[in-house]
Structures are given as C-alpha cells and as structure tokens.
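So you can see what is in the structure, the chains are spelled out below.
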Amino acid sequence: MREMVRDKGYNIVFTGRVSDQELARLLRESWVNLHFSVTEGWGYSVIEACASGTPTVAFRVPGLVDVIQDGYNGYLVNNISEFPDRILDIIGNLDRFSRASREFAERFTLDETARKWSQMLRGDGVPE
C-alpha cells in the first residue's frame, strides 16, 4: 500500500504501533479505517473503529465478513485494486457511513454481551 500512495501527494500516515490513547484519537479523527489483513479471524479493530464512527474497508475474509456489513458500515473487497473506489465512496458519503458505523458498534455493549452469554449458558440456543 505504501508503494501505491508514494509520491501521489495524499495525506496518508502509516503509524505503526501506537498507544491506546493515541489509537482512540486517531480513530476519532480518521475518515476511514483500512484493514489489510487477509487472514483475520475477528475484527476487533473494526469494532473499535465503528465505535468512533469510522467506517472500514477490508478484504472479504472470515471474521471480517461478520463485522463489516458491505455498504453499511464499510466495504468488503476481494482485491487491493478495489480499495481506492471504496475509500472514495465512503468519503463522499461520510455522514451516512459514520452514523451506521456507530449504530453497528452499539450492538457490542457489555450489557448486550452479558445478556447473550446468559441466554447461551441457560441453554436457550445460540443468540442472534
């Protein structure tokens, strides 16, 4: 990705590892979260981004297909060449994607998680 944007004049920063406080600040200030893993099992970072109102573009891989609703709180892509168009679409509709991202993240509150665990442990089936 660095090679794709090198010398293009884009305002893109590749931060590497940052503190939790810095991560929270970066997510609040970002327009879009780019998730490049092709082997991710679960997208905690996507949920964190959603909670900050930041939609995500990521590869269509197991786990991420459960946390990104394509076209709602971000986009799922099949190859790297799809990233630019999806990023631009999010930026062009930022209010809608940001609102949807926050709404999606609200499904993951501690109370809701406890309710679902309780339901499952009681033998009421797998919660939806």
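The structure reproduced in this document is the subject of the present report. (Residues numbered from 1 in each chain as written. Predicted model: local features only at pLDDT ≥ 70, side-chain atom pairs only at ≥ 80, totals over all residues. Heavy atoms only, no water.)

What the chain contains, in helices and strands, is 7 helices and 3 strands. Counting from the amino terminus, helix and strand elements in the chain follow one another as α-α-β-α-β-α-β-α-α-α. Taking the principal axes of the C-alpha coordinates as reference, the chain spans close to 60 × 30 × 30 Å. When the 128 residues of the chain are sorted by exposure, 30% land in the buried category. For the chain, restricting intrachain contacts to residue pairs at least 6 apart in sequence, the fraction spanning at least 24 positions comes to 45%. Carbon together with sulfur atoms contributes 51% to the accessible area of the chain, which is approximately 8500 Å² in total. The distance from the centre of the 15 positive side-chain charges to the centre of the 19 negative ones in the chain is 2 Å. (Helix = DSSP H or I, 4+ residues; strand = E, 2+ residues; numbered from the N terminus. Buried < 20%, exposed > 50% of the residue type's maximum accessible area, 1.4 Å probe, protein only. Contact = heavy atoms within 4.5 Å. Areas by Shrake-Rupley, 256 points an atom, 1.4 Å probe, with all protein chains shown as cover. Lys, Arg positive; Asp, Glu negative; His and termini not counted. Charge placed at Lys NZ, Arg CZ, Asp CG, Glu CD.)

With parallel pairing, the 3 strands of this open sheet are ordered in space as β1-β2-β3. If you trace the sheet from one side to the other, it starts and ends with β1 (33-35) and β3 (74-77), each paired once. Between one strand and the next, the sheet's axes are offset by a mean angle of 10°, whatever the strand orientation. Alignment of strand β2 (residues 56-59) against β3, held across 4 bridges, turns out to be parallel. Looking at the pairing, Thr56 lines up with Gly74 of β3. Its contacts with the sheet place helix α3 (residues 44-51) against β1 and β2, and it is angled at close to 170° to β1. (Pairing = 2+ DSSP bridges. Axes fitted to C-alpha atoms, helices over the stretch in contact; angles between N-to-C directions.)

The next thing to look at is the packing of aromatic side chains. Overall, the coordinates contain 4 aromatic pairs when judged by the stated rule. Ring geometry for Phe59 against Phe83: centres 5.2 Å apart, planes inclined by 70°, an arrangement best described as edge-to-face. Here the residue Phe59 occupies a position in strand β2, and Phe83 occupies one in helix α5 (residues 83-92), the gap between them amounting to 24 residues. Among the residues examined, Phe59 registers a relative accessible area of 11% and is labelled buried. Its relative accessible area of 0% is what places Phe83 among the buried residues. With 5.4 Å between their ring centres and 50° between their planes, Tyr75 and Phe97 make a pair best called tilted. Remark: Phe97 occurs in helix α6 (residues 94-105) and Tyr75 occurs in strand β3; sequence separation between them is 22 residues. (Phe/Tyr/Trp six-rings, centres within 6.5 Å; stacked < 30°, edge-to-face > 60°.)

Burial of nonpolar side chains together is a common tendency in soluble globular proteins. Of all hydrophobic cores here, the largest spans 20 residues; its most connected members are Val46, Val57, Leu64, Val67, Ile68, Phe83 and Ile90. Of all the secondary-structure elements, those providing two or more residues to this core are α3, β2, α4 (64-67), β3, α5 and α6. Once residues within four sequence positions are removed from consideration, Val57 is found in contact with Val32, Asn33, Leu34, His35, Tyr75, Val77, Phe83, Arg86, Ile87 and Ile90. (Core = buried A, V, L, I, M, F, W, Y, C linked by side-chain atoms within 4.5 Å.)

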